[in-house]
Amino acid sequence: MARPFEVTTVESKWQARWLDEGTYEVDNDDPRERFYALCMYPYPSGTAHQGHIRNYTFGDLLVRYQTMLGKAVLSPFGFDSFGLPAENAAIKAGSHPRLFTDARMKELKSSVRRLGAVYDWRREVYSHDPNYMKWAQTIFLAFWRAGLAYRAEAPVNWCPGCATVLANEQVNADGTCDRSGDLVERRNLEQWFFKITDYAEELLNDIDTLEWPERVKTMQRNWIGRSEGVEFDLPFAHQPDKALRVFTTRPDTGFGVTYAVVAPEHPLLAELTTNDERRQVNQLVERAVSASELERTASSDAGAGLEKRGAFTGSFVINPFTKAQVPVYVADYVLGTYGTGAIMAVPAEDERDFAFASVHGLPVVRTTEPPEGFEGGAYSGEGAHINSGFLDGLDVATAKLKAAEYLAEHANGVTKVNYRLRDWLVSRQRFWGCPIPMVYCDDDGLVPVPEDQLPVVAPDDVTMDKSGQSPLATHEGFRNTTCPVCGKPARREADTMDTFTDSSWYFLRYADPFTPGKAFDPVEAAKWMPVDQYIGGIEHAILHLLYARFYLKALVDVGIAPGLPREPFKRLFTQGMIRLAGSKMSKSKGNLIAPEKYYETVGADGLRLFHLFVGPPADDVDWTAQTEEVIEGCARFIDRFYRLAEYDEVNFHESFDDSDLAVRQALHRTIARVTEGFERWSYNTAVAAMMELLNTVSKWARSEHGAERTTLDEAIDTMLKLLAPMAPHITAEMWEQRHAAEPSVHLQSWPVADPELVKEETITMVIQINGKVRARLEVPVATSEADAERLALENEIIQTALEGATVKRVVARPPRLVNIIV
RNA sequence: GGGGGCGUAGCCCAAUUGGCAGAGGCAAGGCGCUUAAACCGCCUCCAGUGAGGGUUCGAGUCCCUCCGCCCCUACCA
């Protein structure tokens, strides 16, 4: 494509200048109104892919736009540089993850630079920077001191492929590893946890205060999974002073309890199991405990439809409502990690219990009257209580209260809130992560590494393999140390932290990486926090966003971030993903379209314009055969604008007339449209408005009558400003050509539309008869209802059309429309 | 099984949130420029909004049912 300017020359010139002049560096004491724009901390996987490009295009537009609005805009960048891919790649290549990672970082940095995205590089953060690790470890220790970090044995998700423990969030629904795809196993291991459950209630409640996409908020609420119910005792039939404690959200269905179930991990299971049943029970437990999540949970389709495996324990408990003895089963559909690990089973009102009861031939007693014609198994809806003694006739809500009261009196019942959310497992048996700064001493037990000895940095000469042990555990030089308390030989913790810990506070470090001796100064960070606009992918809707929210709350509470707002991200925007032939474009799928080739042809500006124009930013983008042509179309638009701004083939006339006024009106209406488009994430319509304006101006200026000089100048200059956040290079270049003595277009103020010019004087009013358009006429915008009706009825075409008909009603909606009903 | 989203021209998308279905782009066709082609400029063509029903003077927009595609979630008692 022949272009009227040298794309690469122009673009690299401005990229260098923005960097050299520190155009987008901001100081913490900047007096302007503040704006914190942030794109999600990227994992450095190499050169940018289209998903990155899309992300940073939106982010950069915002940075430049908000700057032109007169704000001090914080625009930082950095790298989520710890993590498995680098470690695995290093193992494969026999090199060190740092070499690998540093190279990938360099590539990504160069990609975003070539995109023309601008940052305050003085604030760069990367996770494997010892200077960042130091504070990551300081935070860990602060959590430990506050009781928010603890060590416990737990059945954990073990990925044999990655040779490490995974968080629940990293296990797919089908029981495979989110990263490697291997089938995840369950193992009991000592692990480090963060007590995120302490914050469950606050994390849930504060969701209401966030300007986030509704679906992300819903996902977080579901993940936290709060449920209210009653915990109470089911006394053992053979030994009534002991009891099985259960949790239920439906105490009102207590009369329908026909059996009870304990999880395979339940501590009382052995005691409950009679000799006759022991063999069967053991068999089930063995299978359930060692089986992978996949085998245990997801089989064919879904939840309630699963095969319900279980075995009778041989024991009975007493239903406190009916005093009847009901059998106790062990079954893997009851989870040891939720509630009390045991349930009362009500097959009539719970689908899972119903399924189990059907398989095992257990009785079903309805306690809620299902609606007439109900044909399903379990009915969990609203209805009057039946077969329920003192609860009979009550609705569900009332019966719940009564039943809870009854259980409080007769079965040690207490109302209880449970959460689906579990504590965050943060330890990893891997090398390429931030070491957990703890020491094991035979005499003093667990001892934190003194803060003046931080950071604990892993040595380079480590053997990384897939044995399953932390690579650091076998490095004697690292492992052996002395106890900070007693000075005797001791061993270092060999596990590293989940990389989600790194991305949970990096945005605070960005806000103030300058104050020595601190992760960040809370007063300085408070100048920027919370992030005004966070931009990233929907894939982080749960994990990263929940952890970061937890971190900030905890940091405030442990005294590291006093005075900061408790929520990190005020507004969140989740961009759509790029798909190629129907599937998500990603490195792991190997279906990337690299942006590099576009830098040579359409330039970064052309590519940016494409991403802005292709559709609503929140929608997915289909990368199709036609995409190339659309991208070229975007470059064509830039070229057309460039030629027009050279006044190529333009005619001029002397004094300002109506044609010039019309252009000024179009210009100012476009200012309004583009501004509105920017404010409501409608970049595609903002670009369309610019294209439309270019068509209008071009037609006018190249007509025989031509343009009035100052009007054309105003139009071009304003268009340059409007386009500056979208296509920053060429607008900077053109602005410099026109106004060499003035500051850059990027330092100009964002244009403000003149309301007088935006305002329409007259508008076409449509006259309908029975909803069909019959006539149109130009009316003043301020036309009253009465006038509109009169004008419509007086209209000749309408009068003819109405001949012989009776007007039943006239709906006048001036100035747009009048509808005459006959 | 649960939750959410989407469906407008051959294609990507607009539509002041209930008021003339079309802003923009791509493709296609035509004309001009050119020795010719590309580039460039100008012009033209194209749907009644997935299907059906309802509310309304009026529905792409609100409400039901169905179809298709996509995403999230999954035995949490």
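Keep in mind that what you see is a predicted model, and the values were worked out from it rather than measured.

**A closer look at the packing of aromatic side chains**
Item 1. All chains considered together, the criterion is met by 53 aromatic pairs.
Item 2. Relative to Tyr-329, the ring of Tyr-259 has its centre 5.9 Å away and its plane inclined at 75 degrees; by these criteria the two rings are edge-to-face. Taken together, the positions of Tyr-259 in strand 10 (residues 259–262) and Tyr-329 in strand 12 (residues 325–331) put the pair 70 residues apart, joining distant regions of the chain.
Item 3. Looking at Arg-64, its charged tip hangs above the ring of Trp-18, at a distance of 4.1 Å from the centre.

**A closer look at the packing of helix 2 (residues 50–68) against helix 19 (residues 603–613)**
Item 1. Close contact between helix 2 and helix 19 brings their axes to 10 Å; oriented N to C, the two are set at 90 degrees. In terms of axis orientation, helix 2 runs roughly perpendicular to helix 19. Along the contact surface, helix 2 presents Gln-50, Ile-53, Arg-54, Thr-57, Phe-58, Asp-60, Leu-61 and Arg-64, while helix 19 presents Leu-607, Arg-608, His-611 and Leu-612.
Item 2. When grouped by side-chain class, the residues that make up the contact of helix 2 with helix 19 number five nonpolar, three polar and four charged.

**So, the pairing of strand 12**
Item 1. Summarising burial for strand 12: six of the seven residues are buried, a large majority.
Item 2. Pairing between strand 10 and strand 12: three bridges, direction parallel. Pairing of Ala-260 across the sheet is with Val-328, part of strand 12.
Item 3. Here six bridges tie strand 11 (residues 310–318) to strand 12, and the two strands are oriented antiparallel to one another. Of the residues in strand 12, the one forming a bridge with Phe-312 is Tyr-329.

**Let's talk about the protein's contact with RNA strand B**
Item 1. The environment of RNA strand B is made up of 51 residues, and the closest members are Tyr-338, Arg-352, Arg-422, Glu-692 and Arg-776.
Item 2. Between Arg-816 and RNA strand B, the recorded distance is 2.9 Å, taken from a side-chain N or O atom to a base oxygen.
Item 3. Of all the secondary structure elements, the ones that give two or more residues to the surface near RNA strand B are helix 7 (214–224), strand 9 (243–248), helix 20 (627–645), helix 22 (683–701), strand 29 (762–769), strand 31 (809–813) and strand 32 (817–821).
Item 4. Among the elements that make up the surface near RNA strand B, the one with the highest residue count is helix 22 (seven residues).
Item 5. Residues belonging to the surface near RNA strand B are distributed by class as follows: 20 nonpolar, twelve polar and 19 charged.

Rules used throughout
- Residues numbered from 1 in each chain as written.
- Chains lettered and ligands numbered in written order.
- Predicted model: local features only at pLDDT ≥ 70, side-chain atom pairs only at ≥ 80, totals over all residues.
- Heavy atoms only, no water.
- Phe/Tyr/Trp six-rings, centres within 6.5 Å; stacked < 30°, edge-to-face > 60°.
- Helix = DSSP H or I, 4+ residues; strand = E, 2+ residues; numbered from the N terminus.
- Lys NZ or Arg CZ within 6 Å of the ring centre and 35° of its normal.
- Axes fitted to C-alpha atoms, helices over the stretch in contact; angles between N-to-C directions.
- Parallel < 35°, antiparallel > 145°, perpendicular 65-115°, else oblique.
- Contact = heavy atoms within 4.5 Å.
- Nonpolar A, V, L, I, M, F, W, Y, C, P; charged D, E, K, R; others polar.
- Buried < 20%, exposed > 50% of the residue type's maximum accessible area, 1.4 Å probe, protein only.
- Pairing = 2+ DSSP bridges.
- Near = heavy atom within 4 Å.
- Polar contact = N/O pair within 3.5 Å; in protein donor to acceptor, adjacent residues only side chain to side chain.

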